[in-house]
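# Working through the structure, step by step
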Amino acid sequence: MTEILVQDVAGGGVSTDTRVIDHPAWPELKNAVEEIRVRQSADGSIDFEAENAPSRADVDATLLRVIDAVQRLSPLLPHGAEYHRALVADLRKWADSGYAEPDFLDSLMAFHPAAEREDGRQHLVLFPMYTQNGNPDRNLEAVVLRMVWPEWLSDLEATRYDNPLFCGITFEDFTSGYDTNSAVLFPETVAVREVPERFTWGGIFCDREAARFRRVTEAAVDVLGVELPEDIAAMLGDQKRCEQAFVLWDMIHDRTHSHGDLPFDPFMIKQRQPFWMYGLEELRCDLTAFKEAVKLEAEGNPHGRDVQYAVLFDRMFRFPLTGDRVRNYDGLGGQLLFAYLHKHDVVRWTDNTLRIDWERAPQVTNELCAEIEKLYRDGIDRPKLVHWFAAYDLVSTYLAPHPGSRWAKGPDALDTSLPPRKLVDDVLPDEFPLSMFFEALSKKLKSVIASTKGITAADVEKAAA
């Protein structure tokens, strides 16, 4: 391809106060990336022999526009100069390979957003990657984001919830892979030649999480006739306040995966397990965040109560109804939380109105957390299959299994001479179907939940205006 020098992009005399998305190079970069994305295969390569394939010269010219835009934007972001240089080199290396399956390991290893977590700091991110809950292919994606790291959160992380890799972030703008349900930026999603021994960061977009929480919760509260306490109603009307709740929730949730009595790899990497095990792990982390939020509220932290009701409402109203029913482990966790609170009279559905016992909600929610923690602690002394059955018993105590389930019939219904991973084949895609309550609620909220695809804080504020 035509030679473009890898310049020293840290200079340039451009004010670092300028918003990246206001610079004319940003729309140029975004448009060029979109042109490349549609030409890529699932693995990120470009097949020039395919029908209607572009010419090599056309792709080269488009990639040069990407490189030029990166170099023009980089002076706005001096903290990212090393990454931008490595990025330009990886882009050129991809072109030199004939646009084979991309390898951006070098630029990934040069990107360290968690090294200096400064509130409001901008980052330009460009990688071939899939977006979790979004685009499954490793297409080129560009996103401009800002760090969310207020002093109070920094203090909590330093003194109480150590999580040196966690990055709370918000969207400025993004390409099509993020016009989806994805609300995370993880290094594991990037196309690389080999998986690094360790990653140094992980980002969660608290603005998207807050925006869709507000939209779905407001609709659910209206449909169900829930009477909200005054402070929680005020929280739902305040995007920034919700973002602060979510960044705290996410920080505690994220660290919980590696804390506690863990009978197995908490992230379950390269493990094949029944999806209720994933559901319990995610719910355990959320309920741990809830438990900590109860403590923070008692200590006078103003975000503690907000986190509690963000967890309750998102888990009870949005999670059970989001996505399809095939191994929907987050949906399962939401169903379990609602059923547990219902069976303990914290929530009651009577006269077509959902009533919530606000005083007992924290105590009973913490009791469910304790049940899951006991399951984990006891699991350390159990064989894997016995542990899976114990977890199944916990879930099925509160949720009715599918009537055709073999797992519900117990070990005698399964060929236990097989390795445990083989018995996962006997798990039904929807082992714990929605209750009649959620079946009815789904019809009411379906369009609202669908409208949160690609949502941003600006979308919510525009709708409110």
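Heads up: the structure comes first, above all this text.
Residues numbered from 1 in each chain as written. Predicted model: local features only at pLDDT ≥ 70, side-chain atom pairs only at ≥ 80, totals over all residues. Heavy atoms only, no water.

### Some remarks on the environment of Asp106
- Summarising the element assignment, Asp106 is placed in helix H4 (residues 105–109).
- Linking Asp106 and Pro429, residues 323 residues apart in sequence, is a C-alpha distance of 39 Å.
- Contacts of Asp106, omitting those with residues within four sequence positions, involve Ala86, Asp90, Lys93 and Arg193. (Helix = DSSP H or I, 4+ residues; strand = E, 2+ residues; numbered from the N terminus. Contact = heavy atoms within 4.5 Å.)

### Focus on unusual backbone geometry
- Phi at Asn52 takes a positive value of approximately 60°, unusual for a residue other than glycine.
- In this fold, Asn52 is placed in the loop between helix H1 (25–37) and helix H2 (56–73).
- For Asn52, a relative accessible area of 76% puts it in the exposed group. (Buried < 20%, exposed > 50% of the residue type's maximum accessible area, 1.4 Å probe, protein only.)

### Here we look at the packing of helix H12 (residues 361–379) against helix H13 (residues 384–398)
- At a minimum axis separation of 10 Å, H12 and H13 run at an interaxial angle of 165°. Taken together, the axis directions place H12 and H13 in an arrangement best described as roughly antiparallel. In this structure, H12 meets H13 at a crossing whose hand is right-handed. Packed against H12, whose contacting residues are Glu371, Ile372, Leu375, Tyr376 and Gly379, the element H13 presents His387, Ala390, Ala391, Leu394 and Tyr398 at the interface.
- A breakdown of the residues in the contact of H12 with H13 according to their chemical character gives 7 nonpolar, 2 polar and 1 charged. (Axes fitted to C-alpha atoms, helices over the stretch in contact; angles between N-to-C directions. Parallel < 35°, antiparallel > 145°, perpendicular 65-115°, else oblique. Left-handed = near helix turned anticlockwise from the far one by under 90°. Nonpolar A, V, L, I, M, F, W, Y, C, P; charged D, E, K, R; others polar.)

### Some words on the sheet that holds strand S5 (residues 202–205)
- Read from one edge to the other, the open sheet built from 5 strands follows the order S1-S2-S3-S5-S4, with strand pairing classed as mixed. Because the sheet does not close on itself, it has two edges, and the strands there are strand S1 (122–129) and strand S4 (184–185). (Pairing = 2+ DSSP bridges.)

### Description of the pattern of salt bridges
- Overall, the coordinates contain 35 salt bridges when judged by the stated rule.
- Among the ionic pairs, Glu157 bridges to Arg117, the shortest N-O distance being 3.3 Å. One end of the pair, Glu157, is in helix H5 (residues 151–159); the other, Arg117, is in the loop between H4 and S1, with 40 residues separating them in the sequence.
- Under the relative-accessibility criterion, Arg117 is labelled buried at 17%.
- Here Lys295 makes a salt bridge to Glu292, at a shortest N to O gap of 3.2 Å. Here Lys295 and its partner Glu292 are both found in helix H9 (residues 275–298), 3 residues apart, which amounts to about one turn of the helix.
- Through salt bridges with shared partners, a single network forms among Asp90, Lys93, Asp103, Asp106 and Arg193. (Salt bridge = Lys/Arg side-chain N within 4 Å of Asp/Glu carboxyl O.)

The values reported here are purely geometric and, on their own, carry no functional implication.
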